[in-house]
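Secondary and tertiary structure notes
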Amino acid sequence: MNIVFHKRVGFGLVAVTVAVAVALGAVAWAAFTPVTFASREENFEIPKGTWARRMAGNKVEILPTRVFLTLGIRDVLLLKNLDDVPQIFGPTLMMPGQTFRLPFEVASSYQFACTAHASGQMTVVVDEQPDTPWRRLVWRTRRIFRVVA
Amino acid sequence: MLLSMTAQATDADALKAGVFNPPREAPDFSVRGSDGAVLTLSQYRGKVVVLGFGYTSCPNVCPVTLAVLAQAHRKLGALGAQVQVIYLTVDPERDSVERLKQYLAAFDPTFMGGTGTAAQMAAVRASYGVTAEKVGTGSDYAVAHSSYMYLITREGKLRALMPFGHKPDDYVHDISMLLN
């Protein structure tokens with residue numbers, strides 16, 4: 001009985017130790033591995049026929065209502081209007097076939113009017129550059145929650 | 001052609017402002033200038049035009065933007081002569097020619113204001129996608145409006161859009177690039 005108990009306790013301790021080690025490893029990785037992207041541009045396209053579908057009464061959501069960018073690594077919004085009609089983005093018109101490339105240099109939350117959205121609004125959230133272990137940890141944790149949400 | 005495309009890509013990569021590609025023709029307009037004469041965009045062909053929309057009673061965004069532009073204009077030195085700042089009112093009801101002239105001169109005497117009838121100014125705003133909405137009632141109303149500045153090339157192309165909050169050096173940087 002005692003041998004079985006000790007074996008169970010021993011196994012439990014090993015399991016907890018391994019779990020703690022894995023968790024610490026994950027935290028260390030999240031804190032110390034630099035955040036990188038292949039490109040600094042976050043690309044979005046307004047597909048052909050978007051306006052027509054909306055006019056026909058269809059609820060069309062082709063762009064996220066919130067876009068998340070990060071200074072220094074992914075801080076450029078690139079929009080391409082492939083639709084047949086001009087689309088309003090922010091304070092201006094994007095002509096059919098036109099691309100609008102908007103770099104950000106200040107971390108903040110930016111509101112844009114956008115006719116490609118059913119709500120007519122788009123928010124671009126620009127986060128600080130994750131250039132310290134703590135910021136990288138916060139950035140990665142926040143990203144997990146944003147994906148889940 | 002290839003050279004032009006490369007130049008355009010480099011340009012797009014380097015400007016601090018939001019960049020349109022390909023740039024479209026900036027919509028022309030004909031309103032009353034703050035000098036009392038007819039003001040058109042096309043009369044400034046050959047210069048880089050920095051075009052903005054605002055109003056003289058604006059409590060925060062317009063004065064900040066105009067102060068930044070005035071500083072940028074000074075920093076440009078001799079190149080400043082090849083740049084024209086145009087500020088079109090979103091409040092033609094209150095912004096007379098005289099008021100615009102006096103207001104803009106406080107920032108930089110070379111800045112040109114533009115006003116007209118409500119319908120005229122609304123048409124200009126629509127052609128650029130600019131929004132302006134009256135907030136409040138009585139004579140003390142405000143106007144919520146787009147706060148971006150349009151950068152228009154010497155050839156009259158709407159090349160870029162500078163969001164509110166940029167520093168004078170960013171304007172100097174982008175205007176210098178467009179001049180070159």
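Quantities reported herein were computed from a predicted structural model and do not represent experimental measurements. (Residues numbered from 1 in each chain as written. Chains lettered and ligands numbered in written order. Predicted model: local features only at pLDDT ≥ 70, side-chain atom pairs only at ≥ 80, totals over all residues.)

**A few points about the overall build of chain B**
Helix and strand counts for chain B come out as 5 helices and 10 strands. In terms of C-alpha radius of gyration, chain B reaches 16 Å, essentially the compact-globule figure of 16 Å for 180 residues. Of all 180 residues assigned to chain B, the portion counted as buried reaches 42%. Long-range pairs, those at least 24 residues apart, make up 69% of the contacts in chain B with a sequence separation of at least 6. (Helix = DSSP H or I, 4+ residues; strand = E, 2+ residues; numbered from the N terminus. Rg over C-alpha atoms; globule rule 2.2 N^0.38 Å. Buried ≥ 20, exposed ≤ 12 C-beta atoms within 10 Å, placed from the backbone. Contact = placed C-beta atoms within 7 Å.)

**Section: the interface of chain A and chain B**
Contacts between the two partners involve 14 residues from chain A, matched on the other side by 16 residues from chain B. Only strand E5 (92-94) and strand E6 (99-103) of chain A provide two or more residues apiece to the side of chain A that touches chain B. For the side of chain A that touches chain B, the element with the most residues is E6 of chain A, which contributes 5 residues. Counted by class, the side of chain A that touches chain B contains 9 nonpolar, 4 polar and 1 charged residues. Relative to strand E1 (residues 18-25) of chain B, E6 of chain A is paired through 3 bridges, and the arrangement is antiparallel. Paired with Phe100 of chain A across the two strands is Phe20 of chain B, which belongs to E1 of chain B. (Nonpolar A, V, L, I, M, F, W, Y, C, P; charged D, E, K, R; others polar. Pairing = 2+ DSSP bridges.)

**With respect to the pairing of strand E7 (residues 132-135) of chain B**
Residue and element names in this part refer to chain B. Examined bridge by bridge, E7 and strand E8 (residues 142-145) share 4 bridges and lie antiparallel to one another. Bridged to Lys134 within E8 is Val143. Count of turn residues in the E7/E8 antiparallel hairpin: 6 residues, of which Gly136 carries a positive phi of about 95 degrees.

**Considering the domain arrangement of chain A**
Residue and element names in this part refer to chain A. Each domain of chain A was delimited in the assignment, giving domain 1 (1-33) and domain 2 (41-148). The straight-line distance from the C-alpha centre of domain 1 to that of domain 2 is 42 Å. On the side of domain 2, 5 residues touch domain 1, which itself brings 4 residues to the contact. Tallied by class, the residues present in the side of domain 1 that touches domain 2 amount to 4 nonpolar, no polar and no charged. (Domains from an automatic or database assignment.)

**Side note on the pairing of strand E8 (residues 121-127) of chain A**
The side chains of a regular strand alternate, residue by residue, between the two faces of the sheet. Here strand E2 (residues 66-70) of chain A pairs with E8 of chain A via 5 bridges, running parallel. Its bridge partner being in E8 of chain A, Arg66 of chain A is matched across the sheet by Thr123 of chain A.

**A short note on the environment of Phe37 of chain A**
All names here are of chain A. Here Phe37 lies in the loop between helix H1 (2-32) and strand E1 (41-46). Overall, Phe37 belongs to the exposed group, with 11 C-beta atoms counted inside 10 Å. Separated by 37 residues in the primary sequence, Phe37 and Arg74 have C-alpha atoms spaced 6.9 Å apart. Residues in contact with Phe37, not counting those within four places in the same chain, are Ile73 and Arg74.

**A short note on the sheet that holds E6 of chain A**
Reading across the sheet, the 11 strands line up as E1(A)-E3(A)-E6(A)-E1(B)-E10(B)-E9(B)-E4(B)-E5(B)-E6(B)-E2(B)-E3(B) and stay open at both edges, with mixed pairing between neighbours. One side of each edge strand has no neighbouring strand; the edge strands of this open sheet are E1 of chain A together with strand E3 (38-40) of chain B. Here the average twist between neighbouring strands, direction ignored, is 30 degrees. Looking at chain direction, strand E4 (residues 48-54) of chain B and strand E5 (residues 83-89) of chain B are connected through 7 bridges and run parallel. Bridge pairing in E5 of chain B links Gly54 of chain B to Thr89 of chain B. Docked against the sheet, helix H5 (residues 168-179) of chain B engages E4, E5, strand E9 (149-152) and strand E10 (157-162) of chain B, running at close to 165 degrees with respect to E10 of chain B. (Axes fitted to C-alpha atoms, helices over the stretch in contact; angles between N-to-C directions.)

**With respect to the sheet that holds E8 of chain A**
All names here are of chain A. Overall, mixed pairing links the 3 strands, which are arranged E2-E8-E7 in an open sheet. Of all the strands in the sheet, just E2 and strand E7 (108-113) have a single pairing partner and so form its edges. Recorded for the sheet is a direction-independent mean angle of 20 degrees between the axes of neighbouring strands.

**Some words on H5 of chain B**
Residue and element names in this part refer to chain B. Relative to the 16 Å expected for 12 residues at 1.5 Å per residue, H5 spans 16 Å between its end C-alpha atoms, a close match to the ideal helical length. For H5, the full list of buried residues reads Tyr171, Val172, Asp174, Ile175 and Leu178. Close packing links the buried residues of H5 with E4, helix H2 (61-75), E5, E9 and E10. (Expected span 1.5 Å × (residues − 1).)

**A short note on helix H4 (residues 118-128) of chain B**
Within the sequence span of H4 of chain B, burial applies to Met121, Val124 and Tyr128 of chain B. Buried residues of H4 of chain B fall within an arc of 60 degrees about the axis and therefore sit on the same side. Turned more than 90 degrees away from the buried face of H4 of chain B, the exposed residues are Ala118, Ala119 and Ala126 of chain B. On its buried face, H4 of chain B is in contact with E5 of chain A together with strand E2 (30-33), E5 and E9 of chain B. With its phi angle positive at about 80 degrees, Gly129 of chain B sits one or two positions after the end of H4 of chain B. (Arc of directions from axis to C-beta.)

**Some details on the environment of Leu71 of chain A**
Residues and elements named next belong to chain A. By secondary structure assignment, the location of Leu71 is in the loop between E2 and strand E3 (76-81). For Leu71, a count of 17 C-beta atoms within 10 Å gives the class partly exposed. Note: C-alpha distance between Leu71 and Ala107 (36 residues apart in sequence) is 6.9 Å.

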